[in-house]
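Analysis of the macromolecular model
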Amino acid sequence: MLKQVNSSKDLIHLIKSGMTIMAGGFGLCGIPENMINEVAGSDIKNLTVISNNIGVDNFGLGKWLTKRQIKKILASYVGENKEFEEMLLKGEVEMEFVPQGTLAERIRAGGAGIPAFYVATGVGTEVAIGKETKEFNGRTYILEHGLTADISLVKAWKGDAAGNLVFKDTAQNFNTGMAMAGKITIAEVEEIVPVGQLNPNQIHIPGIFVQHIFQGTNYEKRIERLTLSNQI
Amino acid sequence: MALSKEQIAQRIALEVKDGYYINLGIGIPTLIANYIPDNIHVTLHSENGLLGMGPFPTEETVDADLINAGKQTVTVLPDGSFFDSSMSFAMIRGGHINLTVLGAFEVSETGDIASWKIPGKMIKGMGGAMDLVAAAENIIVAMQHTNRAGESKLLKQCTLPLTGTRCIKKIVTDLALLEVSDKGFVLKERAPGVSVNEIIKATEGNLIVEGEIPEMKL
């Protein structure tokens, strides 16, 4: 089976309404822009979205929100998206806030075949409501469940036709775990290099986790908070 | 005179020790990096996947792929490293971070903290704050002592949804440095020119004042 395709257009048929989708990125850093735009241009709806954030107004996952394509979201922080905050306050979208470290670990666990695990994060807060607890060494922990997705959309810096991925700087973030946790993982990369050119010692995600890969185009890579040393 | 945000950061910087790995939250905590003395070497952790965070970039070095947890563009120092989110929180949850500084809406006299949600008004989410306060042994809260209406933010019990329980041990506000004990807030230092009475008035939770309270040295 050939993993490499030409563009996001060749893969959009894999995504159906009602699916659970993971989308990598932290804020707008390392988001799969091509696949996000492809879904935003389709009539796919009722998606459950797992992502650390939900883009900004009308960029990144914010586009899905504007088009009312999202039924439910699991995220740790949505503060950069005013439209979402309003929809949430009005009850127009379901939301599960997940502490960021718990979210990362639930995704990693899901991809690693671990159904659940205990953490201290959230004990005594509303995050713990309805969750099983257990004491270890005199401290209370809550049971958190692993997460998987029908489709994971991830973005890497470089990749090859075998699906091996290398990330750059802090654009790695949630992409690594999500690549592991997708039943089908679609990786878009800035550059596809010939097989053999990536150093096997430096691959972040081995190709076993990636079902489809393509070289993305027209990356905007928008900066949320441009902060320069001479401004402060 | 109440401390400015910069002075709160300056006071907290005195708590930093050589060799520390530190996570600084958004807002006042970010400013602390500016006041760490040159003879102390610390490594800044940013939970989006960066250890060895450097100063903000110039126009020439700015890179959309390199940001901090506050989504600001930053740089990486020569001894720095990048990693994914689950490893980043393994550093936090596993107790490898020596000091965490973050902001708060409210802190209670038992060390509970509320910092992520104001029901009906503001729902942004907790980000990494719940993980940080549940894991860190050494947490300092940087906050204003009272809100804009002059009401205390150091309470008997938090009124807002909690970020964590019984986890805060030290607080630096614009008026004072306090520690949290089994019996409530313990006043340790006053901001220069601020009287003990002003601090008592601004603190709703139980405040323990023992002996002469020294002025902060900045």
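The text that follows walks through the structure, step by step, so that each part is easy to find.

Cut-off values and rules
Residues numbered from 1 in each chain as written. Chains lettered and ligands numbered in written order. Predicted model: local features only at pLDDT ≥ 70, side-chain atom pairs only at ≥ 80, totals over all residues. Heavy atoms only, no water. Helix = DSSP H or I, 4+ residues; strand = E, 2+ residues; numbered from the N terminus. Rg over C-alpha atoms; globule rule 2.2 N^0.38 Å. Contact = heavy atoms within 4.5 Å. Areas by Shrake-Rupley, 256 points an atom, 1.4 Å probe, with all protein chains shown as cover. Lys, Arg positive; Asp, Glu negative; His and termini not counted. Charge placed at Lys NZ, Arg CZ, Asp CG, Glu CD. Core = buried A, V, L, I, M, F, W, Y, C linked by side-chain atoms within 4.5 Å. Buried < 20%, exposed > 50% of the residue type's maximum accessible area, 1.4 Å probe, protein only. Buried area = accessible area lost by both parts, 1.4 Å probe. Salt bridge = Lys/Arg side-chain N within 4 Å of Asp/Glu carboxyl O. Nonpolar A, V, L, I, M, F, W, Y, C, P; charged D, E, K, R; others polar. Pairing = 2+ DSSP bridges. Phe/Tyr/Trp six-rings, centres within 6.5 Å; stacked < 30°, edge-to-face > 60°. Lys NZ or Arg CZ within 6 Å of the ring centre and 35° of its normal.

Considering the overall build of chain A
- When helices and strands are counted, chain A shows five helices and 11 strands.
- Whereas a compact globule of 232 residues would reach a radius of gyration of roughly 17 Å, chain A reaches 18 Å, a difference of no more than 12%.
- Sequence separation of 24 or more characterises 71% of the internal contacts of chain A that already satisfy a separation of 6 or more.
- On chain A, roughly 9,800 Å² of surface is accessible, and the fraction owed to carbon and sulfur atoms is 49%.
- Distance from the positive charge centre (23 side chains) to the negative charge centre (25 side chains) of chain A: 2 Å.

Here we look at the nonpolar core
- With 52 residues, the main nonpolar core has Val-141 and Ile-171 of chain B as its most contacted residues.
- The next biggest cluster of nonpolar side chains, apart from the first, holds 46 residues, and it includes Val-39, Val-93, Leu-153 and Phe-214 of chain A.

Looking at helix α1 (residues 5-13) of chain B
- Residues Ile-8, Ala-9, Arg-11, Ile-12 and Ala-13 of chain B constitute the buried set of α1 of chain B.
- Packed against the buried residues of α1 of chain B are α2 (28-31), β5 (99-102), β10 (139-142), β12 (170-172), β13 (176-181) and β14 (184-190) of chain B.

Quick notes on the interface of chain A and chain B
- Each partner contributes to the interface: chain A provides 50 residues, whereas chain B provides 46 residues.
- For the pair chain A and chain B, the two sides together bury roughly 4,000 Å², of which 59% comes from carbon and sulfur.
- Considering only the side of chain A, the residues that lose the most area to chain B are Phe-26, Asp-169 and Thr-170 of chain A, jointly responsible for 14% of the buried surface there.
- Summed over the shared surface of chain A and chain B, the result is four salt bridges.
- The salt bridge partner of Lys-117 of chain B is Glu-126 of chain A, with a shortest N-O separation of 2.7 Å.
- Those elements giving two or more residues to the side of chain A that touches chain B turn out to be α3 (82-89), α4 (100-111) and α5 (175-181) of chain A.
- With six residues, the single largest contributor to the side of chain A that touches chain B is α4 of chain A.
- Split into classes, the residues belonging to the side of chain A that touches chain B amount to 20 nonpolar, 18 polar and 12 charged.

Describing the sheet that holds strand β7 (residues 113-114) of chain B
- In spatial order, the strands read β7-β6-β11 (chain B); together these three strands make up an open sheet with mixed pairing. Either end of the sheet is taken by a strand with one partner, and the two such strands are β7 and β11 (154-155) of chain B.

Remarks on the sheet that holds β5 of chain B
Residues and elements named next belong to chain B.
- Reading across from one edge, β4-β3-β2-β1-β5-β10-β12-β13-β14-β15 is the order of the 10 strands in this open sheet, with mixed pairing throughout. Taken across any chain shown, the strands that pair with only one partner, and hence form the sheet edges, are β4 (75-82) and β15 (207-208).
- In terms of strand pairing, β12 meets β13 through three bridges, oriented antiparallel. Each bridged residue has a counterpart across the sheet, and for Ile-171 the counterpart in β13 is Leu-178.

Quick look at the packing of aromatic side chains
Residues and elements named next belong to chain A.
- Applying the stated criterion to the full structure yields three aromatic pairs over all chains.
- Arranged with centres 5.5 Å apart and planes meeting at 80°, the rings of Phe-136 and Tyr-141 form a pair that is edge-to-face.
- On the basis of relative accessible area, Phe-136 is assigned to the partly exposed category, the value being 33%.
- One aromatic cluster is present, formed by Tyr-118, Phe-136 and Tyr-141 through successive ring pairs.
- Stacked on the ring of Trp-157, the Lys or Arg Lys-158 has its end atom at 4.5 Å from the ring centre.

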